Amino acid sequence: MKKNILTLCFFIGSCLTVNAQKSAKESYRDFTVYRTTKGNQVGVTKIKALLDQKDQLTVKQVANAQYHLGRMYEEMGDAENALMHYVESIKGEPNYSVVHRAMGFIYLNKTKPFVKQINEATAAKNVIANHNAFEKYKLMVEKALPHLEKYQACEPDEETLNIITNLYKSIKQP
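Criteria and cut-off values
Residues numbered from 1 in each chain as written. Predicted model: local features only at pLDDT ≥ 70, side-chain atom pairs only at ≥ 80, totals over all residues. Heavy atoms only, no water. Helix = DSSP H or I, 4+ residues; strand = E, 2+ residues; numbered from the N terminus. Buried < 20%, exposed > 50% of the residue type's maximum accessible area, 1.4 Å probe, protein only. Contact = heavy atoms within 4.5 Å. Areas by Shrake-Rupley, 256 points an atom, 1.4 Å probe, with all protein chains shown as cover. Axes fitted to C-alpha atoms, helices over the stretch in contact; angles between N-to-C directions. Parallel < 35°, antiparallel > 145°, perpendicular 65-115°, else oblique. Left-handed = near helix turned anticlockwise from the far one by under 90°. Salt bridge = Lys/Arg side-chain N within 4 Å of Asp/Glu carboxyl O. Phe/Tyr/Trp six-rings, centres within 6.5 Å; stacked < 30°, edge-to-face > 60°. Lys NZ or Arg CZ within 6 Å of the ring centre and 35° of its normal.

1. Focus on the overall build of the chain
Here's step 1: Helix and strand content of the chain: nine helices and zero strands.
Here's step 2: Reading the helices (α) and strands (β) of the chain from amino to carboxyl end gives α-α-α-α-α-α-α-α-α.
Here's step 3: Counting across all 174 residues of the chain, residues that qualify as buried make up 34%.
Here's step 4: For the chain, long-range pairs separated by at least 24 residues make up 57% of all intrachain contacts whose partners lie at least 6 apart in sequence.
Here's step 5: Roughly 11000 Å² of accessible area belongs to the chain as shown, and the carbon and sulfur atoms make up 60% of that amount.

2. Here we look at the packing of helix α7 (residues 112–123) against helix α8 (residues 127–154)
Here's step 1: As a packed pair, α7 and α8 sit with axes 8 Å apart at the nearest point and diverge in direction by 160 degrees. In this view, α7 runs roughly antiparallel relative to α8, as classed from their interaxial angle. The two elements α7 and α8 meet at a crossing, and its hand is left-handed. Where α7 approaches α8, its residues Phe 114, Val 115, Gln 117, Ile 118, Ala 121 and Thr 122 are matched on the opposing element by Ala 129, Asn 130, Ala 133, Phe 134, Lys 136 and Tyr 137.

3. So, the pattern of salt bridges
When the charged atoms of two side chains with opposite charge come close together, those side chains can pair.
Here's step 1: In the structure shown here, the tally under the stated rule is four salt bridges.
Here's step 2: Between Glu 80 and Lys 110 there is a salt bridge, with the nearest N and O atoms lying 2.5 Å from each other. One end of the pair, Glu 80, is in helix α5 (residues 79–92); the other, Lys 110, is in the loop between α6 (97–109) and α7, with 30 residues separating them in the sequence.
Here's step 3: On the basis of relative accessible area, Glu 80 is assigned to the partly exposed category, the value being 47%.
Here's step 4: For Lys 116, the salt bridge identified is with Glu 120, shortest N-O distance 4.0 Å. With Lys 116 and Glu 120 both in helix α7 and four residues apart, the pair spans about one turn of that helix.

4. Overview of the packing of aromatic side chains
For any pair of aromatic rings, the description rests on two quantities: the centre-to-centre distance and the angle between the ring planes.
Here's step 1: Tallying each qualifying case throughout the model produces four aromatic pairs.
Here's step 2: Between the aromatic rings of Tyr 67 and Tyr 86, the centroid separation amounts to 5.9 Å while the plane-to-plane angle is 25 degrees, which identifies the pairing as stacked. With a gap of 19 residues between them, Tyr 67 in helix α4 (residues 59–75) and Tyr 86 in helix α5 connect regions that are remote in the sequence.
Here's step 3: Classification of Tyr 86 by relative accessible area gives buried; the value is 1%.
Here's step 4: Clustering of aromatic rings is evident, with ring pairs tying together Tyr 67, Tyr 86 and Tyr 96.
Here's step 5: For Arg 101, the ring lying beneath its charged end belongs to Tyr 151, and the centroid distance is 5.5 Å.

In structure tokens form, the structure reads like this:
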């Protein structure tokens, strides 16, 4: 009887330990299922939990998890957190072209307020305001271009090439 109780206690203890500490491999396997879902807080929480085990994952696995965490944040409308995780992703995988494209478009979206300011300054014939807005626009375009170019180099497409060409024209660089 005593032996059976000890065996049962050992078995229960083993089960609790296994369930409490899901291996990084198991967590990553689960991640491959939910990573493609639309960005939501549940997915963000799960990926953050996976990244808590990053010392047990490969560099590529961490980069992939960081990308999908960034993508989820972007889908939830949080471009700043998305950008932060995209930066972490390309630290591990510098040639991850999809991440570069995403970063390029986040920076490109950040130019919109400056375009509006340029247009307003032009309409008001305010040369100083126009110049200041253009300089801010140019800085953001210069952040976007390397990422869009990296994407274009890896996965060429006409749309991205046209965007790159038009951005260079817009900042008056051939």
